[in-house]
Amino acid sequence: GQSLEQPSEVTAVEGAIVQINCTYQTSGFYGLSWYQQHDGGAPTFLSYNALDGLEETGRFSSFLSRSDSYGYLLLQELQMKDSASYFCAVRGGSQGNLIFGKGTKLSVKP
Amino acid sequence: EAGVTQFPSHSVIEKGQTVTLRCDPISGHDNLYWYRRVMGKEIKFLLHFVKESKQDESGMPNNRFLAERTGGTYSTLKVQPAELEDSGVYFCASSQDSDFSYEQYFGPGTRLTVT
């Protein structure tokens, strides 16, 4: 089967840096995505890694190591509005559905 | 450009009743997905349409769930009869091209409560 593991909760202060890890087990690998979901809102796409290395998008970066079946989302210069749940996800096939981790609830404190 | 919309936003029904959820994807998006999140658990895939055809319905829990996508535009998900375990948030998502299915645009969800 396919599964993803990520921490359930992370707490950090404004202005800090936080890293959310994700390890996965898949029968086939088609890249790792990250989504953000605020309470009561829709999951929103943040980033995608198909190849090893770091992808940077503003304050957010995502890293992938395919040999370790591991990735992380790095959030810098944390703001209160970053308080949300963050999900890593892999695709069920090359053109298919997303398989999500259980999500990491990030709380940013003043 | 309008995003993915879902109706209703909330629905409370009694066990044994029928509920129909609707999703309008982003215009021009051929791929439409349904997902469900039961409280405290991960978001789980239900099924995938490409235009009006069901590409993958491996995530549908049982035959009480019926999904349609008329003319390849909007989609409906009917639960009949509803059971207590069907409670959760039902999300719809769309993507323009299957090759880019790693980036899906989600609707705000329908929160279904079965009492």
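Residues numbered from 1 in each chain as written. Chains lettered and ligands numbered in written order. Predicted model: local features only at pLDDT ≥ 70, side-chain atom pairs only at ≥ 80, totals over all residues. Heavy atoms only, no water.

**Concerning the pattern of salt bridges**
Here the structure, examined in full by the defined rule, presents eight salt bridges over all chains. With its nearest N and O atoms 3.8 Å apart, the salt bridge here joins Lys105(A) to Asp39(A). Taken together, the residues Lys105(A) in strand β11 (residues 104-109) and Asp39(A) in the loop between β4 (32-37) and β5 (44-49) connect sequence positions 66 residues apart. We note a salt bridge from Asp52(A) to Arg66(A), for which the minimum N-O separation is 3.1 Å. Separated by 14 residues along the polypeptide, Asp52(A) in the loop between β5 and β6 (53-57) and Arg66(A) in the loop between β7 (60-65) and β8 (70-75) bring together distant segments of the chain. For Asp52(A), a relative accessible area of 43% gives the class partly exposed. One continuous salt-bridge network, built from bridges that share partners, spans Arg36(B), Arg64(B) and Asp86(B). (Salt bridge = Lys/Arg side-chain N within 4 Å of Asp/Glu carboxyl O. Helix = DSSP H or I, 4+ residues; strand = E, 2+ residues; numbered from the N terminus. Buried < 20%, exposed > 50% of the residue type's maximum accessible area, 1.4 Å probe, protein only.)

**What to know about the side chain of Asn97(A)**
Its place among the elements puts Asn97(A) in the loop between β9 (84-91) and β10 (98-100). Its relative accessible area of 9% is what places Asn97(A) among the buried residues. If we ignore the near neighbours within four places in the chain, the residues touching Asn97(A) are Val90(A), Arg91(A), Gly92(A), Tyr33(B), Tyr35(B), Phe45(B), Asp56(B) and Gln104(B). (Contact = heavy atoms within 4.5 Å.)

**Section: the state of the cysteines**
As enumerated under the stated definition, the model contains two disulfides over all chains in all. Paired by a disulfide, Cys22(A) and Cys88(A) hold their sulfur atoms 2.2 Å apart. One quick way to see it: the torsion about the S-S bond of Cys22(A) and Cys88(A) is about 80 degrees, and its sign makes the bridge right-handed. Within this pair, whereas Cys22(A) is found in strand β3 (residues 18-25), its partner Cys88(A) is found in strand β9, the two being separated by 66 residues in sequence. For Cys88(A), a relative accessible area of 0% translates into the label buried. Linked covalently through their sulfurs, Cys23(B) and Cys92(B) form a disulfide whose S-S length is 1.8 Å. Between Cys23(B) and Cys92(B), the S-S torsion sits near -60 degrees, and that sign places the bridge as left-handed. One end of the pair, Cys23(B), is in strand β3 (residues 19-24); the other, Cys92(B), is in strand β9 (residues 88-95), and 69 residues separate them in sequence. Overall, Cys92(B) belongs to the buried group, its relative accessible area being 0%. (Disulfide = S-S within 2.5 Å.)

**Describing the sheet that holds β6(A)**
All names here are of chain A. Read from one edge to the other, the open sheet built from five strands follows the order β1-β3-β8-β7-β6, with strand pairing classed as antiparallel. The sheet is open, and its two borders are formed by β1 (3-5) and β6, each paired with just one other strand. The mean inter-strand angle of the sheet, taken between neighbouring strand axes irrespective of direction, is 20 degrees. In this structure, β3 lies alongside β8, joined through six bridges in antiparallel fashion. Paired with Asn21 across the two strands is Tyr72, which belongs to β8. (Pairing = 2+ DSSP bridges. Axes fitted to C-alpha atoms, helices over the stretch in contact; angles between N-to-C directions.)

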